[in-house]
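Residue-level structural notes
Next come the chains, spelled out residue by residue.
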Amino acid sequence: MIEFLIHNMAPLMFASLIVVMLIGYPVAFALAATGIFFGLLGVELGLLQPSLFQALPQRMWAVMSNDTLLAVPFFTFMGLILERSGMAEDLLDTVGQLFGPLRGGLAFAVIFVGALLAATTGVVAASVISMGLISLPIMLRYGYDRRFASGVIAASGTLAQIIPPSLVLIVMADQLGKSVGDMYAGAFIPGLTLAGLYAVYAAGIAVFKPSWAPALPLEARTFREASGSSGTPSLIVLAIVAVAASVAFAQYHYPQPDPPLDELLVLSTAVGVGVAFAASVVNHFFKLGLLSRMAERVTFVLIPPLALIFLVLGTIFLGVATPTEGGAMGASGALAMALARRRLSFSLLRQAMNTTAKLTSFVVFILVGARVFSLTFYGVDGHLWVENLLLNLPGGQLGFLIVVNVLIFFLAFFLDFFELAFIVIPLLGPVAEKLGIDLIWFGVLLGVNMQTSFMHPPFGFALFYLRSVAPAKDFIDKLTGKLTPRVTTGQIYWGAVPFVLIQCLMVGLIIAFPGLVTGGLAKKAVVNTDQMRIEVPAEAPGAEGGPLQGEPAAAPDAAGADKDADDASKAIERAIRGQDKAPPAGAGDATEPPGGKK
């Protein structure tokens, strides 16, 4: 029995951790308790030294002194302030009116606003709860299918997990030992692509199941001109002008054939948005009448969050600020926006700070527990057990990626993304690096996969958030006065299934087209060694075979000759001049002393 324990300590330790978490023990304490228990067991069996535990204080200090994790409270605070300042309501109201005349327009509005909130808040709970409170009653009022409406809201809220500034990307970068800025740049295009796939699915529902996603009726479209028109044409013209300005800036400022994609998108979008905002301001204050109410409303509602996105992501991608500094500027910008909307109060600040402190403590305690667990796990060579298990998989890189993604997908049924990031990722990262897999690409791939932990039943947190705000009983609609049926838990679960499949499809696309991630990263300079040459300063006049200019003459004795013969730099100089025809040093008198004759 003792021999069995000694030779199987690592798998027993990992299995015990899973069992302890499944019985409901808090994750942070499960990690720490398992690590300490097996550490003491290893000491008792003679497998570990008692001095191993002396490393615990240093590991705790490493967690507390980690500057990267400072970005977590900043981005959390920013998201909570924005969510409570009414930005989500204004966005959903305005964008819903914009897309309302289209069949499935409310679904498109939810996806668009979900992507925008993801790029400003980075907090899944805030996005799902906000859109569930605001959009779900409206979608139910106008006849949207309950499964489709629930799935769209839950999935759009989870975009905050993969679109920067995502909290999971910060943790992923920390665990893989990579730059948060590079992780953000790599996740930018996949996040937008995933939002696009959601929109494609919504468009398919609008075409093939029109009764599931009707257009808004005429009486529900409140942003109309005095003549009764929608005012959309002037908005389209303004959008064309903004896009033209963005394209012109991109071609002028980035003439090279392969510019950095993330920087190009952020700066070009900032220029286009600035042009649209300037045109709206001029039209509004000078009362030119060139833009409709809809055009002005859309511009003034969308500009603040887009400006905040540039303040945070733009400064990070341009290298002006670190992610921690970007988070601090984002939190300041969120406070400024709340103040401008006259929504900033002491009560709001206290709620936001309390929630931020709780979430940050949650993250740090899990990380502390993970450090205690990993100390013992690495002490019993658990990392070697995992490496041998995964490196010997058939199929090389592809086989490893398939097995890892299937493992993450099923673990996500029971663990949330923080737990997966702190427990599993440190074990998988070294194996991926040994297989030659880029860790930024690997981190974004797993981030998209771990996004399913919010969506698939029965433990998807986004589904729980939506369940908490969806009507659990039949209710009377305040506007129409009609009895509206409740939304069941089964409808929420079934509505999430198509979007989980879309997320799995996105995982496959990243594996098949790695450029979706690597295309957003800065290209490394390539050095052409074929064009390298060594230039040696000219010799002193009249000193054939003598010392180089600016160098003192070598000592004429034998010791100096041997020293020069052993000098690698001088051997290169003689080889370049064609003078190194003598045998190596130590061959007696065959070596010619510098400046002399044989």
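All figures in this text were calculated on a predicted structure; none of them were measured in a lab.

Cut-offs used in this document
- Starting from 1, residues in each chain are numbered consecutively following that chain's sequence as written.
- pLDDT decides what is reported in this predicted model: residues at 70 or higher carry local features, side-chain atom pairs at 80 or more are listed and counted, and totals for whole chains, interfaces and linings draw on all residues regardless.
- Excluding hydrogens and water, the side-chain figures rest on all heavy atoms present in the structure.
- Labels follow the DSSP assignment, with helices taken as runs of H or I lasting at least four residues and strands as runs of E lasting at least two, numbered in each case from the N terminus.
- Residue burial is assigned from relative accessible area. The probe radius is 1.4 Å, only protein chains are included, and a residue is buried under 20% of its type maximum, exposed over 50%, and partly exposed in between.
- Contact criterion: two residues are considered in contact whenever any of their non-hydrogen atoms come within 4.5 Å of each other.
- All accessible-area figures derive from a Shrake-Rupley calculation using a 1.4 Å probe, and residue coverage is judged against the displayed protein chains alone.
- Here, the term nonpolar core denotes a set of buried Ala, Val, Leu, Ile, Met, Phe, Trp, Tyr and Cys residues that are joined through side-chain atoms within 4.5 Å.
- Here, expected helix span is obtained from the residue count minus one, scaled by 1.5 Å.
- What the bend at a residue measures is the angle between two axes, fitted to the seven residues ending there and to the seven starting there.
- Whenever Lys or Arg places a side-chain nitrogen within 4 Å of a carboxyl oxygen from Asp or Glu, that contact is recorded as a salt bridge.
- A pair of aromatic rings is counted whenever rings of Phe, Tyr or Trp (Trp by its six-membered ring) have centres within 6.5 Å, and the orientation is called stacked for planes under 30 degrees apart, edge-to-face for over 60 and tilted otherwise.
- Simply put, an axis is a line fit to the C-alpha atoms, just over the touching stretch for a helix, and the angle between two N-to-C directions goes from 0 to 180 degrees.
- Roughly parallel means an angle under 35 degrees; roughly antiparallel, over 145; roughly perpendicular, 65 to 115; everything else is oblique.
- Note on residue classes: Ala, Val, Leu, Ile, Met, Phe, Trp, Tyr, Cys and Pro are nonpolar, Asp, Glu, Lys and Arg are charged, and everything else, Gly too, is polar.
- Residue-level confidence of the predictor is what pLDDT reports, using numbers from 0 through 100.

**Description of the overall build of the protein chain**
Looking only at helices and strands, one finds 26 helices and 2 strands in the protein chain. When burial is assessed residue by residue, the protein chain has 46% of its 598 residues classed as buried. Put simply, 75% of the contacts in the protein chain that link residues at least 6 apart link residues at least 24 apart. Just so you have it, the protein chain exposes about 28,500 Å², and 66% of that area is on carbon and sulfur atoms.

**Digging into the nonpolar core**
Formed by 159 residues in total, the largest nonpolar core has its most connected members in Tyr 184, Phe 400, Phe 442, Leu 446 and Met 450. Setting aside residues up to four positions removed in sequence, Leu 446 forms contacts with Met 172, Val 404, Asn 405, Ile 408, Ile 425 and Leu 428. Counting 5 residues, the second-largest nonpolar core is a separate cluster that includes Ala 32, Met 60, Val 372 and Leu 375.

**Considerations on helix H14 (residues 293-317)**
The end-to-end C-alpha separation of H14 is 34 Å, in line with the 36 Å expected for 25 residues at 1.5 Å each. Along H14, the helix axis deviates most sharply at Ile 303, where the bend reaches about 35°; the proline Pro 304 sits within four residues downstream. Positive phi shows up at Gly 319, right after H14, with a value of about 80°.

**Examining unusual backbone geometry**
Cis geometry marks the peptide bond from Pro 164 to Pro 165, where omega comes out at 5°. In this structure, Pro 165 sits in the loop between helix H9 (146-157) and helix H10 (167-176). Despite not being glycine, Lys 287 has its phi angle at roughly 50°, a positive value. Its place among the elements puts Lys 287 in the loop between helix H13 (261-285) and H14. A positive phi angle, close to 60°, is found at Asp 381, a residue other than glycine. Tracing the chain through its elements places Asp 381 in the loop between helix H16 (346-379) and helix H17 (382-391).

**Here's the deal with the pattern of salt bridges**
For the structure shown, the criterion picks out 3 salt bridges. Residue Arg 297 pairs with Asp 93 through a salt bridge whose shortest N-O separation is 3.9 Å. With Arg 297 in helix H14 and Asp 93 in helix H6 (residues 87-99), the pair connects residues that are 204 residues apart, well separated along the chain. One salt bridge in this structure joins Lys 434 and Glu 387, with 2.8 Å as the shortest N-O distance. Here Glu 387 lies in helix H17 and Lys 434 lies in helix H20 (residues 425-434), a separation of 47 residues in the sequence. The exposure class of Glu 387 is buried, given its relative accessible area of 9%.

**Looking at the packing of aromatic side chains**
Taken as a whole, this structure holds 11 aromatic pairs when the rule is applied. Between Phe 409 and Phe 410 the ring centres are 5.5 Å apart and the planes differ by 85°, which places this aromatic pair in the edge-to-face class. For Phe 409, a relative accessible area of 18% puts it in the buried group. Within the aromatic cluster, the residues linked to one another by ring pairs are Tyr 144, Phe 148, Tyr 198, Tyr 201 and Phe 499.

**Some details on helix H18 (residues 396-411)**
Compared with the 22 Å implied by 1.5 Å per residue over 16 residues, the 22 Å span of H18 between its first and last C-alpha is a close match. Buried within H18 we find Gly 399, Phe 400, Leu 401, Val 404, Asn 405, Ile 408, Phe 409 and Leu 411. Among the structural elements, H17, helix H19 (417-423), H20, helix H21 (439-450) and helix H23 (489-512) are those in contact with the buried residues of H18.

**Digging into the environment of Phe 38**
One can find Phe 38 in helix H3 (residues 27-44). Residue classification places Phe 38 among the buried positions, given a relative accessible area of 6%. Distance from Phe 38 to Val 380, taken between C-alpha atoms, is 9.3 Å for residues 342 residues apart in sequence. If near-sequence neighbours (up to four positions away) are discounted, Phe 38 is found in contact with Met 9, Leu 12, Met 13, Ser 16, Leu 48 and Thr 376.

**Notes on the side chain of Gln 97**
Here Gln 97 shows up in helix H6. Under the relative-accessibility criterion, Gln 97 is labelled buried at 9%. When residues no more than four places from it in sequence are discounted, the contact partners of Gln 97 are Ala 220, Arg 221, Thr 222, Phe 223 and Met 294.

**Concerning the packing of helix H7 (residues 105-120) against helix H11 (residues 180-208)**
The N-to-C vectors of H7 and H11 enclose an angle of 175°; their axes lie 10 Å apart at closest approach. What the angle tells us is that H7 and H11 run roughly antiparallel. Contacts between H7 and H11 involve Ala 107, Phe 108, Ile 111 and Ala 115 from the first element and Ala 195, Tyr 198, Ala 199, Ala 202 and Ala 203 from the second. Here the contact of H7 with H11 is built from residues that sort into 9 nonpolar, no polar and no charged.

**Considerations on the confidence of the model for the protein chain**
Across the protein chain, the average pLDDT comes to 79, with 85% of residues at or above 70. The model gives residues 543-561 a pLDDT under 50, and that stretch makes 25 contacts with residues more than four places away or in other chains. Within the model, pLDDT remains below 50 along residues 579-598, and this stretch shows 24 contacts once partners closer than five positions in the same chain are excluded.

**Topic: the environment of Pro 214**
Looking at the secondary structure, you find Pro 214 in the loop between H11 and helix H12 (232-253). Pro 214 sits in the partly exposed class, given a relative accessible area of 22%. With 110 residues separating them in the primary sequence, Pro 214 and Gly 104 have C-alpha atoms 5.7 Å apart.

**Quick look at the environment of Met 9**
Positionally, Met 9 belongs in helix H2 (residues 9-22). Once the C-alpha coordinates of Met 9 and Phe 377 are considered, the two residues, 368 residues apart in sequence, prove to be 8.5 Å apart. Setting aside residues no more than four positions away along its own chain, Met 9 makes contact with Phe 38, Leu 41, Gly 42, Leu 45, Leu 47 and Val 380.

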